[in-house]
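Close look at the chain arrangement
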Amino acid sequence: MLLFQDFHPLVAIATTPTAAQTLQPLCHTAGATLWLPESLHTSEQNNVPTVSFYPGSLKSHIASLWQNHRAFIFGLATGAVVRLIAPLLQDKSSDPAVVVVDESGQFVISLCSGHQGKADQLTRMIALQLGATPILTGGSTGLNLPAVDMLGIPFGWQRGEGDWTGVSAAVAKGERVEVMQEVGSTLWQNHLPSGHPFVFDADEETVDVNSANSQSINARIWISFTQRRFSPDSDLPKVQWHPRVLWVGIGCERGTSRELIETAIIQTCQRHHLAVGAIAGIATIDIKADEVGLVEFCQAHDFPLQTFPAEILRSVTVPTPSTVVNQAVGSPSVAEAAALLCSQRFSASGTLVPTTNLLVKKQIVRADDQPGAVTVAIAVAQQEYTGRIGQLLLVGMGPGQLDQITPAAKTALSQADAVIGYSLYIDLISPILHPGQIIESLPITQERQRAQRAIELAQWGLTVAVVSSGDCGIYGMAGLVLEELKAQDWDGKTPRVQVFPGITALQAAASRVGAPLMHDFCAISLSNLLTPWEVIEKRLNAAAQADFVIALYNPRSRTRIEQLTIAHRILLQYRSPQTPVAIVRSAYREDEEITLSTLDKLLDIPIDMLTTVLIGNQSTRLHGDWMITPRGYST
């Protein structure tokens, strides 16, 4: 359900038993309600919490649900869905996502609100759950490009004014689109495909921003905290994105109304050509945390309200301190100091840095028809406020073939804003990934750095998938990520964490040679990078003496060759030289290699870090090309 939370409340509708059967497991996974006509009601469905029944016409029922749901999944014919929802459609910026699944679950179609309603994303997720083919018809999809009206969504940017259809059309036609980015994360720029149409780092001083005559430029995108006014005489389509980098410091008299606070902020932004959409939040002194007008204003605009005690505000150097304010609240500044403190909290690499933090010194606003007074100051942060709760999706990708990855793991990878892993793993899962995702790969020895980077992005508000081969909780990244979170005093809730298991190496290797793990078994890694070799030797001795079937992970690398030799010597102390062994390299991948042999010949076989070694117990036998351990123990 966590994977589909961005689409809640989510509803599915079917009108036939076949469609209901297709959608019911999906609704259970996604936390959606499946609505069926009363004619399909059976006694078996009385205890199914995700199934409800509607009386009367389907058209009326959909109309009753339309305004209160973010996404609809229909198990109906596409034509029927079009006719049913046509009277309800208003605008792509406000319509819910609409997805159609055919009765047998072979195809999933993104029908309406593909970008802003995220129907395209929902379509990919459902297709991965069902093993179906996603049908996406957006212009940017075929070009492997992020949609213009979705560029800033992962980072919490707000869409401003402009010709969104015109700029999107220019991108779809492959025309050159100039990007003028003044603030906000540039991560999206780093993951564009080669040959993309975006032009960066243009010299603004030599460009008439309202002219359609600039050579080779067919559209423009501004990413800024300023509010630009486009000339109506220009035929060049332009749009504005506003990263939420402005922190508004507020001081106000007790009892100041919400209306006056709102008026003061809007007027100040307009006077200094700042975009209201770029506001990250409101900052003030802690004694104003319960100020009714301020609280109501923040709730109405979904702004966070950050408060600071007077002693912290006093420590900030401001351009216009006041002795009067100091006498009243114990700090010479509230608005300027609070705005600066918030702006200083948000700083990170990979962002564009404004030349100065304080954009607007304190302004005092009064109104003849409103009680109270408001002091406003505005500072700009280096990093935008996303307004989102980050997630860490710890994903086991199994042996590497796409059909060996669980549907839930595939869905997690498809849904993530960012995917982090070893480059080989990223290459293997590339067909699941989609345009606009942030993809970062780090070398095989930098597992801890991967964990730290994933946590950094999740704490910022992104949904981050961390990829491990096999199972992420068995010699994978799950433990490292949780260790790092614990070291950072994680509260166990934010960022959210979900673990997606995968087929681990010992299971994959075992499946290629038969049933070697049918009795008690254990796994031992021969890598001493994180575990002292003395400890590994003790485990080898104990496991060999106890007659476990043993799976050896990380048996040999280019620089670590003696460990396998020592392990071999220990095993021969307790096992017959004729004990069956399986050496499986790159299970289920194109370069898979499988060798069945005996313990005495183990060191004669090429073995590397991509190899899993399975060593039988005293009951294990080879039969043709199969390795079999009896389920019942016998000598």
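Up top is the structure.
This write-up is about the structure you can find in this document.

1. Remarks on the overall build of the chain
From N to C terminus, the chain includes 17 helices and 30 strands. Its C-alpha atoms give the chain principal-axis dimensions of roughly 95 × 65 × 55 Å. Taken over 635 residues, the chain has a buried fraction of 51%. Intrachain contacts of the chain at a sequence separation of at least 6 include 66% that bridge at least 24 residues. Accessible area for the chain stands at about 28400 Å²; split by element, carbon and sulfur atoms hold 49% of it. Distance between charge centres in the chain, computed from 44 positive and 58 negative side chains, equals 3 Å.

2. Points about helix α13 (residues 447-460)
When the terminal C-alpha atoms of α13 are compared, their 20 Å separation across 14 residues agrees well with the 20 Å that a helix rising 1.5 Å per residue should span. Three or more residues of α13 are buried, namely Arg450, Ala451, Arg453, Ala454, Ile455, Leu457, Ala458 and Trp460. Immediately beyond the C-terminal end of α13, within one or two residues, lies Gly461, with a positive phi of roughly 130°.

3. Considering the pattern of salt bridges
If charged atoms from side chains of opposite charge come close, those side chains can pair. Scanning the entire structure with this criterion turns up 19 salt bridges. The salt bridge involving Arg254 is made with Asp290; its shortest N-O contact spans 3.4 Å. Note that Arg254 is positioned in the loop between β13 (246-252) and α6 (258-271) and Asp290 in the loop between β14 (279-285) and α7 (292-301), a separation of 36 residues in sequence. According to the relative accessible area criterion, Arg254 is exposed, its value standing at 53%. Each of Arg254, Lys288, Asp290 and Glu291 takes part in a single network of salt bridges with overlapping partners.

4. Focus: the sheet that holds strand β11 (residues 219-223)
With mixed pairing, the 5 strands of this open sheet are ordered in space as β8-β12-β11-β9-β10. The sheet terminates laterally at β8 (158-162) and β10 (198-199), the two strands that pair on one side only. Bridge analysis of strand β9 (residues 177-181) against β11 gives 5 bridges, and the strand direction is parallel. Counted as the bridge partner of Val179 is Ile221 from β11. Set on the sheet, helix α5 (residues 164-172) makes contact with β8, β9, β10, β11 and β12 (238-242); between it and β12 the angle comes to about 105°.

5. Observations regarding unusual backbone geometry
Residues His8 and Pro9 are joined by a peptide bond in cis, for which omega reads -5°. With respect to the element layout, Pro9 can be found in the segment before β1 (10-14). Cis geometry is adopted by the peptide bond preceding Pro495, which originates at Thr494 and carries an omega value of 0°. By secondary structure assignment, the location of Pro495 is in the loop between α14 (477-487) and β22 (496-500). Even without being glycine, Asn554 reaches a positive phi, approximately 45°. Inspection of the secondary structure assignment puts Asn554 in the loop between β25 (549-553) and α17 (562-574).

6. What about the side chain of Gln391?
Residue position: Gln391 is located in strand β18 (residues 391-396). A polar contact is formed between the side chain of Gln391 and the side chain of Thr463, at a distance of 3.5 Å. If sequence neighbours within four positions are ignored, Gln391 has contacts with Leu2, Gln5, Gln415, Ala458, Leu462, Thr463, Val464, Pro495 and Arg496.

7. Thoughts on the sheet that holds β1
The strand order across the open sheet formed by 7 strands is β3-β2-β1-β4-β5-β6-β7, and the pairing between neighbours is mixed. Lying at the two open borders of the sheet, with one neighbouring strand each, are β3 (51-54) and β7 (133-135). Strand-to-strand twist in this sheet, taken as the mean axis angle between neighbours without regard to direction, amounts to 25°. Both strand β4 (residues 71-75) and strand β5 (residues 97-101) contribute to a ladder of 4 bridges, which runs parallel. Note on β5: the bridge partner recorded for Phe72 is Val98. Helix-sheet contacts for helix α1 (residues 17-30) involve β1, β2 (33-37), β3, β4 and β5, and the interaxial angle to β1 is about 170°.

Definitions and limits used
- Residues numbered from 1 in each chain as written.
- Predicted model: local features only at pLDDT ≥ 70, side-chain atom pairs only at ≥ 80, totals over all residues.
- Heavy atoms only, no water.
- Helix = DSSP H or I, 4+ residues; strand = E, 2+ residues; numbered from the N terminus.
- Buried < 20%, exposed > 50% of the residue type's maximum accessible area, 1.4 Å probe, protein only.
- Contact = heavy atoms within 4.5 Å.
- Areas by Shrake-Rupley, 256 points an atom, 1.4 Å probe, with all protein chains shown as cover.
- Lys, Arg positive; Asp, Glu negative; His and termini not counted.
- Charge placed at Lys NZ, Arg CZ, Asp CG, Glu CD.
- Expected span 1.5 Å × (residues − 1).
- Salt bridge = Lys/Arg side-chain N within 4 Å of Asp/Glu carboxyl O.
- Pairing = 2+ DSSP bridges.
- Axes fitted to C-alpha atoms, helices over the stretch in contact; angles between N-to-C directions.
- Polar contact = N/O pair within 3.5 Å; in protein donor to acceptor, adjacent residues only side chain to side chain.

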